[in-house]
Amino acid sequence: MEKRKQIYEGKAKKVYETDNKDFLIQEFKDDATAFDATKRGTIIGKGVVNNKVSAELFELLESKGVETHFVKLLSDRDMLIKRLDIFLIEVTIRNIVAGGMAKLLGLEEGIVLKEPVLEYHYKKDKLHDPLINEYHIKALGLATDDELRIARERSFEINNILKDFFKKRSIDLVDFKLEFGRHKDKVLLGDEISPDTCRLWEHGTKKKLDKDRFRRDLGGIEEAYQEILKRVVG
Ligand code: TMP
């Protein structure tokens, strides 16, 4: 399938229509932003890494019965996806304290949580994607009860699958962000799963192999993304 009209350009991806209204193509860019795009840069090769890593992880999830928008890889930077009516919610799962949770609750990064924490954030850049709960989601009509239940249950399932997958590759899955949407009355996982949307620490050394290297100016960013590609895709 070929790209037709570009219908969206985000911070890290472009989305195109195809000749079939039910399918889109998402193209992964090397552009990186942080802190609501107040910090901008380029991570050479990031788009290729995120496309291939996302494809591998979506295929893994599909093989375990978790439905996603992924159809197939088209090229180094492009994947064919099902068109979703995306919920204005980000679902974050945390296994280890870091980032937003460390800041919100005044905790040390690295504390292993007794059980996974699920957070919802309202997709609203101007307000820095504020933390919300299920009552906000229902009251604002961001998703129905059923949709929210499915997204929540799938998120924990995804956590178990990904935690296990990364463990086998000597990586601790610290936290990650997911987006879900509707496609023909089904709730599917959308967006991407990549070092942009996960925190991945090398087991033992706790070396950061994700976008925190960019957010915090730690250097070795390209190398970290390539390392993840190597461990995920082999
Ligand atoms: P946080 O600790 O900053 O809330 O981030 C939690 C996880 O979500 C982390 O793995 C990075 C990911 N994330 C995104 O994918 N997009 C975002 O805009 C933010 C803030 C975090």
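Scroll up a little and you will see the structure.
Novice: Which residues make up the overall build of the chain, and what values go with them?
Specialist: In terms of helices and strands, the chain carries six helices and 15 strands. Compactness check: the chain gives a C-alpha radius of gyration of 17 Å against a globular reference of 17 Å for 234 residues, within 12% of the reference. Once the C-alpha set of the chain is aligned to its principal axes, its extents read approximately 50 × 40 × 35 Å. Every one of the 234 residues in the chain was classed for burial, and the buried ones make up 51%.

Novice: Lay out the nonpolar core with the relevant residues and their values.
Specialist: In terms of nonpolar packing, the biggest core is built from 52 residues, with L57, I158, L162, F166, F180 and I193 touching the most fellow members. Once residues within four sequence positions are removed from consideration, L57 is found in contact with L162, F165, F166, I193 and V232.

Novice: With reference to specific residues and values, describe the site of the ligand.
Specialist: Near the ligand lie 13 residues; those nearest to it are R94, G100, D175, K177 and R199. Measuring from an oxygen atom of the ligand, one finds a backbone N or O atom of G100 at 2.6 Å. Contact between the ligand and T197: an oxygen atom at 3.5 Å from a main-chain N or O atom of the residue. Here the ligand, which alone exposes 440 Å², has 74% of that area covered by the protein. Those elements that provide at least two residues to the shell around the ligand are strand 9 (89-96), helix 2 (99-105), strand 12 (171-178) and strand 15 (198-202). The element that contributes the greatest number of residues to the shell around the ligand is strand 12, accounting for three residues.

Novice: Report on unusual backbone geometry, specifying residues and quantitative values.
Specialist: Residue D36 is not a glycine yet carries a positive backbone phi of 55°. Structurally, D36 can be placed in the loop between strand 4 (31-34) and strand 5 (39-42). Accessibility expressed as a relative area gives 31% for D36, which makes it partly exposed. Of note, the phi angle at H128 is positive, near 60°, even though the residue is not glycine. Looking at the element boundaries, H128 is found in the loop between strand 10 (112-122) and strand 11 (131-132). Classification of H128 by relative accessible area gives exposed; the value is 55%.

Novice: Account for helix 4 (residues 145-167), with residues named and values stated.
Specialist: In this model helix 4 runs 33 Å from its N-terminal to its C-terminal C-alpha over 23 residues, within 8% of the 33 Å that 1.5 Å per residue would give. When we look at burial in helix 4, the residues that qualify are E147, L148, A151, R154, S155, I158, N159, I161, L162, F165 and F166.

Novice: Please give an account of the environment of E9 that cites residues and values.
Specialist: If you trace the backbone, E9 turns up in strand 1 (residues 6-9). With a relative accessible area of 45%, E9 lands in the partly exposed category. Not counting residues within four places of it along the chain, the set of residues in contact with E9 comprises K14 and K29.

The rules behind each value
- Residues numbered from 1 in each chain as written.
- Predicted model: local features only at pLDDT ≥ 70, side-chain atom pairs only at ≥ 80, totals over all residues.
- Heavy atoms only, no water.
- Helix = DSSP H or I, 4+ residues; strand = E, 2+ residues; numbered from the N terminus.
- Rg over C-alpha atoms; globule rule 2.2 N^0.38 Å.
- Buried < 20%, exposed > 50% of the residue type's maximum accessible area, 1.4 Å probe, protein only.
- Core = buried A, V, L, I, M, F, W, Y, C linked by side-chain atoms within 4.5 Å.
- Contact = heavy atoms within 4.5 Å.
- Near = heavy atom within 4 Å.
- Polar contact = N/O pair within 3.5 Å; in protein donor to acceptor, adjacent residues only side chain to side chain.
- Areas by Shrake-Rupley, 256 points an atom, 1.4 Å probe, with all protein chains shown as cover.
- Expected span 1.5 Å × (residues − 1).

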